[in-house]
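# A look at the structure
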Amino acid sequence: MIQTLLIVGIIYVAALVFFSLRARKTAVQGSKGYLFAGANLGAVLGLFTFAATLFSTFTLLGMPDFFRQHGIGAWIFLAVADMMMVFGIIWVGHQLRKKAQQKGFNGMAGLMSHCFRSPLAGYITFGGAFIFLIPYVAIQIRGVAIFFDGAFPHTLPIWAWALIMVGVMLLYSETGGLKAIIYSDTLQGILLLLAIWLIGANCLGELGGLEAMFQEVGKVNEALLSTPGPKGLFTFQFFLATFIAIGTIPYTQPQVSTRLIIMKDQRALKRMAVGMGAFAILVILPTLFVGMYGAVLYPDLSTQDFLSKALVQDQPQLLAAVVIIGLFAAAISTADSQIFALGSELRSLLKGEDRRLLTVAKVAIFIFAMLAYIFSLFSSDELVMLARTSFAGTSLMAPMIFAAIYTSSPPARWLLWATLVAQLLFIGSLLGWVPNHLGALRLDLALFTALAAIAVLASRAQSGKQQDTPAQVQKAEEAD
Amino acid sequence: MDAKQKKRYWDLIRIAAVLVTALCLSPLVIPPNTYTPTLAGMPYSLWTSLLVCVVLLLLTYLGTLVMPEE
């Protein structure tokens, strides 16, 4: 097994190095080239980099376990939410790109500063991304590390597996920039789709096909076949809050927003969106099969034991090796994009000579990766719920971002303070300092609804005012 | 197709997407503790929500054809 894994692993790492060097050779010089890959992304590369960034350990390790524990409602949780998100890309993505072209784009934090004409908007955008993305990156690292530990017990400690992952990620992203990440995302996107389908088809075959599989699941636990599921998780409010959290990812998570904005043109964006919808269905479906396989054969095992059995021990050697590398690729492709985006966001808040700022961004990327690594050593193993919390946290910035991109004058600044308070309340609820329900309403849903209403008011408050002249705009930006 | 027609179709598609998503949150797709009628062995909420996904994908595709270019 180790020998097969080494061969597949060496091929994979060689491909990453090749992409990294190729990206370095063809890259546009300066931060535009390094951080935004020349802002000229076609539909196919756009599709794979978007997919590889979005579908991660959360999907490949978390979703099978989520299906196993909570049943078929997990499909609505992710697949329907993703379809909504894809529709949103053509609806709102166009407006985001338009605004980015008008104002100039160096990162979402910088864009928000320009739109609100207030540095506070940039700090809130960067702070929100930082607070909620670092734990999400940590989930990717931890997910893979515990999986490797389960698959190869007593080979290396969890911290060493995590360190290897961070090392590989930093090596090629620091060398080749976003272009290297995008190229390798294409490889990783194909690899993760291939890996999960091979496993999914195998699990489905083992249970005797679709009909037999659900019959077996019904015998084990009938509640897995309907909502709200055996633990009562999938309620109306949970689904609604999830749809909002996932549907707003393209605008609230900078690694995804950047990819929308650097698409070559509107046509490429539209093609990418449709391809992305098909990809989402294709990648989530086999996780259902793996989850149902686990529900029948391993209903009582821990997450770690279930994943090592279903994904490695029960599979033929070569397939298990492809899966292990596929999972590694999935985690890396998401984590590197997030860390890299945080570096770009920080750079967009700073002013100065381009070369110096690029160095700052590179150092920041390294520091963020180390922070995520440290966090991964202490985070929980509940991958899906942690990821969902991260999505819910960043979604609180959506009303502020929508107000900025849909209005021609800067929305009232009290929207920024309201967003900051909402973020603090949400963090407080995660720490147990603030109740997580407001009466019968979930706190994340209540905060989002309140912010949406405030955003409408903040946009209207400014729309009646006379628009500033270009000279006034320039003066305000200089003052910022 | 002229710009006015395109805009009308785009509005209809957006309304349809919102309605289909809302439908997915209603008891029509997620009736509590119900898994029949099944389709090809799939529990009720699974095959209906799969259908919702396909419809949303189709609406996205149609949206790309009629969305007004500004």
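Above this text sits the structure in question.
Residues numbered from 1 in each chain as written. Chains lettered and ligands numbered in written order. Predicted model: local features only at pLDDT ≥ 70, side-chain atom pairs only at ≥ 80, totals over all residues.

### Side note on the overall build of chain B
The following threshold applies: The helix count covers DSSP runs of H or I at least four residues long, the strand count covers runs of E at least two residues long, and both are numbered beginning at the N terminus. We compute the radius of gyration over the C-alpha atoms and compare it with the globule rule, which gives 2.2 Å times the number of residues raised to the power 0.38. Any residue whose C-beta has 12 or fewer other C-beta atoms within 10 Å is treated as exposed, any with 20 or more as buried, and any in between as partly exposed, C-beta atoms being built from the backbone. In this description, a residue-residue contact is defined by the distance between C-beta atoms placed from the backbone, which must lie within 7 Å.
A count of helices and strands for chain B gives two helices and zero strands. In terms of overall size, chain B is more extended than a compact globule, its C-alpha atoms giving a radius of gyration of 15 Å where 70 residues would be expected to give roughly 11 Å. In terms of overall dimensions, chain B has C-alpha extents of about 45 × 20 × 15 Å along its principal axes. Each of the 70 residues in chain B was classed as buried or not, and the buried ones make up 31%. The contacts of chain B with a sequence gap of at least 6 include a subset with a gap of at least 24, amounting to 63%.

### Thoughts on the interface of chain B and chain A
The condition is simple: Put simply, Ala, Val, Leu, Ile, Met, Phe, Trp, Tyr, Cys and Pro go in the nonpolar bin, Asp, Glu, Lys and Arg in the charged bin, and everything else, Gly too, in the polar bin.
Each side of the interface is counted separately: chain B has 28 residues, and chain A has 30 residues. Sorting the residues of the side of chain B that touches chain A by element identifies α1 (3-24) and α2 (44-66) of chain B as the ones contributing at least two each. Class assignment of the residues belonging to the side of chain B that touches chain A gives a composition of 17 nonpolar, nine polar and two charged.

### Section: helix α18 (residues 398-406) of chain A
For α18 of chain A, the buried fraction is high: eight of the nine residues fall into the buried class. Restricting attention to buried positions, one finds in α18 of chain A the residues A398, P399, M400, I401, F402, A403, A404 and I405 of chain A.

### Focus on the environment of M292 of chain A
All names here are of chain A. Position of M292 among the secondary structure elements: in helix α13 (residues 266-297). Spatially, the C-alpha atom of M292 lies 39 Å from that of T125, the residues being 167 residues apart in sequence. Every residue in contact with M292, bar those within four places of it in the chain, is listed here: F67, M213 and V217.

### Some remarks on unusual backbone geometry
Across residues other than glycine, the phi torsion is negative in most instances, and most of the peptide bonds are trans. Residue P228 of chain A follows T227 of chain A across a cis peptide bond; omega there is 10°. With respect to the helices and strands, the residue P228 of chain A is situated in the loop between α9 (210-220) and α10 (236-247). The peptide bond linking T36 of chain B to P37 of chain B adopts the cis configuration, its omega dihedral lying at 0°. Tracing the backbone shows P37 of chain B in the loop between α1 and α2. Positive phi is not limited to glycine here, since A40 of chain B has a value of about 50°. Structurally, the position occupied by A40 of chain B is in the loop between α1 and α2. You can call A40 of chain B exposed: it has 9 C-beta atoms within 10 Å.

### Some details on the packing of helix α7 (residues 119-151) of chain A against helix α15 (residues 317-349) of chain A
Residues and elements named next belong to chain A. As a reminder of what qualifies: Fitting a line to C-alpha atoms yields each axis, with helices limited to the stretch in contact; the angle taken between N-to-C directions then spans 0 to 180 degrees. An angle counts as roughly parallel when it lies under 35 degrees, as roughly antiparallel when it exceeds 145, as roughly perpendicular when it falls between 65 and 115, and as oblique in every other case. Handedness of a helix crossing follows the sense of rotation of the near helix relative to the far helix, less than a right angle counterclockwise being left-handed and clockwise being right-handed.
It is at 9 Å that the axes of α7 and α15 come closest, and there the two elements cross at 160°. Relative to α15, α7 is oriented roughly antiparallel. Viewed along their axes, α7 and α15 form a crossing whose handedness is left-handed. Split by residue class, the contact of α7 with α15 holds 19 nonpolar, five polar and one charged.

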